[in-house]
Amino acid sequence: MSLLEKIKHKYALSDQGARDMVKAIVAVTISDIVLMFPVGILYLLASDILKGTIGRDRMPLYIGGTVAALLLIIMTSYFQYNATFLSTYIESGVRRRTLAEKLRKLPLSFFGKKDLADLTNTIMGDCAWLETASSHFIPELIGAMISTTIVVISLFFFDLRMTLAAVWVLPVAFLVVFAARPITMRLNEKATKYKINCMDGIQEGLETLRDLKSYNATETYMVGLNRKIKAVESHSVSSEFVNAVFVCSAQMILKLGIGVVALTGGILFSRGEISALTFFMYLLVVSRMYDPFQVALQNLSAVIATDTQCKRMDEILSHKEQEGRQDMDYQGYDICFDHVGFSYEDGEQVLRDVSFTAKQGEVTALIGPSGGGKTTVSRLAARFWDADRGTITVGGMNVSGIDPETLLSLYSIVFQDVTLFNNTVMENIRIGRKDATDEEVLAAAKLAHCDEFIEKLPEKWDSMIGENGSELSGGERQRISIARAFLKDAPIILMDEATASLDVDNESLIQEAISRLIQNKTVLIIAHRMRTVDGVDKIVVLKDGIVAESGIPEELKEADGIYRHMVELQLRSEQWKY
Ligand SMILES: Nc1ncnc2c1ncn2[C@@H]1O[C@H](COP(=O)(O)OP(=O)(O)OP(=O)(O)O)[C@@H](O)[C@H]1O
């Protein structure tokens, strides 16, 4: 692996980002070396004074040297600023976009393991931390190490003993901070874990505020949240404290270097083994040489801490994407489950052996007791998850070999919990097909009976509907979701009891529209109310992860099975009154 590849992989950078980081390292190295130029000029001046050769003719050299050193310092600082700061912000944007793009391609199973706060923290917080790391910590650390090595090598040409007196502190100080690596990393990981836990708590509180208030549980929630905030506080403080102990100790060791140089120089000078000029030069050099290194030590501990953030990012970036072909030759759009077995992350077998076919031009209803696996079956059909055993085909093509986005283009999905975006009603419906014209959007909305309530909104079709459609009723939200399905007009329709939040008037209107929509399509409905499945072509009863019964409604009603039992139960519950 080349150096660029290594940097790219280690710090989750793009090709350009890795190149910019190398440029930044070069810029810092030059900048650090240039800072030694004034020391050189002072050395020349001292040398001339001691030799008595100072005169007018040497003045241009001193003045020219000083001006050149100043110009070089300004130029390299400018170069360093450009190479680090400007490119870093561009790179941060690239990094965030790469993460978001990757998340888009990951299977939903990945999101089962990660909560929203964790992912948001990676995209925003970890990226911001890496932003500082790539603009400051890493280039300054590597730059300081390279420039110090160059200075140290050149010092060996003057006097070995004095050089050793000056440089022994460098590896010792470095080792002190580096030896603390396992402790600081562990503490940093812990602090990050508590921080995410706290963010998660805040997010949960905001999302569930309505329920917390209605059950007078806000106080209990605040007690829990306070505990989480305190945990973040104490872990961050102890992480900082331990870090400071090691960094400060290492910096004190560096200061010891000046003392040792003065002592060694004093002894050697008194013995006449070095000249006053050499002694003076070493004092000058050590007074400057430790400065970048002192900063580098702080940066080293910060770079060590960066490991936690990089690992978290790498976990996302290296996670296997769902792949598949885009050019499929479908033979119709039948969905066929053949001995399918599946379990979620927790390992509990949700589907044990499921086989059935949902034919094109027919409505297949999935019914069964709660937790029987109906939603899971529909998720597997759309490849939100991959089955563990057996095969699922669409139009004869195994879904595990189809590119997820290509597969989803075959589906119109109407979920029970509708997701709406903080945008206009028009754009929320257009999500169904992004290239649809306004007329097409309007037509789809009309079919889903959305137009009546949209026309009453203050800005009509341009009305913003608040985050997740919070300004709309449950029925209105669901009608928008159905309008999207009309607009997409895909050959397969997956519905999760789409009419659940509609009142009686709307329900019959929507049902009539749905009947038009589903003609000659493969329709898979997750049904909870038995009266809605009376007219379907096929019922599949899922219970305990297997197909317990399947057939046409009349047949199943005759048999004394689960379907008949569910119909009877529902009839009884319909007679229930408050
Ligand atoms: N993302 C998930 N991670 C882990 N387990 C899950 C997940 N989603 C569902 N399950 C579990 O899988 C089982 C089947 O759930 P599923 O939602 O498929 O059932 P269902 O028949 O649709 O239920 P309902 O009628 O109540 O909606 C349940 O035990 C449920 O707890």
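- Taking an unreviewed UniProt entry as the reference, the protein chain is identified by name as ABC transporter ATP-binding protein belonging to Jutongia huaianensis.
- As its UniProt record puts it under Subcellular location (unreviewed entry), the protein chain is described as follows: "Cell membrane".

**Thoughts on the overall build of the protein chain**
Consideration 1: Regarding its fold elements, the protein chain presents 21 helices and ten strands.
Consideration 2: Here the protein chain has a C-alpha radius of gyration of 35 Å; the compact-globule value for 578 residues is 25 Å, and the former is much larger.
Consideration 3: Its C-alpha atoms give the protein chain principal-axis dimensions of roughly 115 × 50 × 45 Å.
Consideration 4: Classification of the 578 residues of the protein chain by burial places 45% in the buried group.
Consideration 5: Looking at the protein chain alone, contacts between residues at least 24 apart form 76% of all its contacts between residues at least 6 apart.
Consideration 6: Working note: accessible area of the protein chain is about 29,800 Å², and carbon and sulfur atoms make up 60% of it.
Consideration 7: For the protein chain, the centre of its 60 positive side-chain charges and the centre of its 73 negative side-chain charges are spaced 7 Å apart.

**Focus on the nonpolar core**
Consideration 1: Y11, L170, L254, V285, M289 and Y290 are the most contacted members of the largest nonpolar core, which has 57 residues in total.
Consideration 2: If you list the elements that add at least two residues to this core, you get α2 (15-34), α4 (59-105), α6 (116-155), α7 (160-167), α8 (169-179), α11 (218-270) and α12 (276-317).
Consideration 3: Beyond its immediate stretch of four places on either side in the chain, L170 contacts T148, V152, L254, M289, Y290 and F293.
Consideration 4: Within the second largest apolar cluster, 44 residues are counted, among which are F486, A527, V533 and M566.

**Things to note about the pattern of salt bridges**
Consideration 1: Here the structure, examined in full by the defined rule, presents 18 salt bridges.
Consideration 2: Measuring nitrogen to oxygen at the nearest pair gives 3.9 Å for the salt bridge that ties K105 to E101. Residue K105 and its partner E101 are both found in helix α4; the two are separated by four residues, about one turn of the helix.
Consideration 3: For K105, a relative accessible area of 34% corresponds to the partly exposed category.
Consideration 4: Accessibility expressed as a relative area gives 34% for E101, which makes it partly exposed.
Consideration 5: Its salt-bridge partner being E405, residue R104 comes within 2.6 Å of it at the nearest N-O pair. Pair noted here: R104 is in helix α4 and E405 is in helix α14 (residues 404-408), with a separation of 301 residues, a long-range link.
Consideration 6: Judged by relative accessible area, R104 falls into the partly exposed class, the value being 48%.
Consideration 7: The structure contains a network of salt bridges with shared partners spanning E101, R104, K105 and E405.

**A closer look at the site of the ligand**
Consideration 1: Taken together, Y344, V350, P369, S370, G371, G372, G373, K374, T375, T376, R379 and H528 make up all the residues around the ligand.
Consideration 2: At a separation of 2.6 Å, an oxygen atom of the ligand approaches a polar side-chain atom of S370.
Consideration 3: In the environment of the ligand, an oxygen atom lies 3.1 Å from a nitrogen or oxygen atom belonging to the backbone of G372.
Consideration 4: For the ligand, the accessible surface in isolation is 630 Å², of which the surrounding protein chains cover 63%.
Consideration 5: No other element matches helix α13 (residues 374-381), which puts four residues into the shell around the ligand.
Consideration 6: Across the shell around the ligand, the residue classes break down as three nonpolar, seven polar and two charged.

What counts as what
- All residue numbers refer to positions counted from 1 along the written sequence of the respective chain.
- Two thresholds apply to this predicted model, a pLDDT of at least 70 for residue-level local features and 80 or more for giving and counting side-chain atom pairs, whereas whole-chain, interface and lining totals are computed over all residues.
- In computing side-chain values, all of the structure's heavy atoms are included and hydrogens and water are not.
- UniProt positions are given in the numbering used here, feature names are shortened, and annotations may be inferred rather than shown by experiment.
- Helix and strand assignments follow DSSP, with helices taken as H or I runs no shorter than four residues and strands as E runs no shorter than two, numbered in order from the N terminus.
- Computation of the radius of gyration draws on C-alpha atoms alone. For the globule rule, the value is 2.2 Å times the number of residues to the power 0.38.
- A 1.4 Å probe rolled over the protein chains alone gives each residue an accessible area, and that area as a share of the maximum for its type sets the label: buried under 20%, exposed over 50%, partly exposed in between.
- It only takes one pair of heavy atoms within 4.5 Å for two residues to be counted as in contact.
- Every accessible area reported is derived by Shrake-Rupley at a probe size of 1.4 Å, with residue values counting cover from the shown protein chains alone.
- Charge assignment in this entry is limited to Lys and Arg as positive and Asp and Glu as negative, and neither His nor the chain termini are counted.
- Throughout, a charge is located at the NZ atom of Lys, the CZ atom of Arg, the CG atom of Asp or the CD atom of Glu.
- To qualify as a nonpolar core, a set must consist of buried Ala, Val, Leu, Ile, Met, Phe, Trp, Tyr and Cys residues joined through side-chain atoms within 4.5 Å.
- One side-chain nitrogen of Lys or Arg within 4 Å of one carboxyl oxygen of Asp or Glu is enough to make a salt bridge.
- We call a residue near a molecule or strand whenever a single non-hydrogen atom of that residue lies within 4 Å of it.
- Polar contact is the term for a pair of N or O atoms within 3.5 Å; when the atoms are in protein, one must be able to donate a hydrogen and the other to accept it, and sequence-neighboring residues count only if both atoms are side-chain atoms.
- Each residue gets one of three labels, nonpolar for Ala, Val, Leu, Ile, Met, Phe, Trp, Tyr, Cys and Pro, charged for Asp, Glu, Lys and Arg, and polar for the others, Gly among them.

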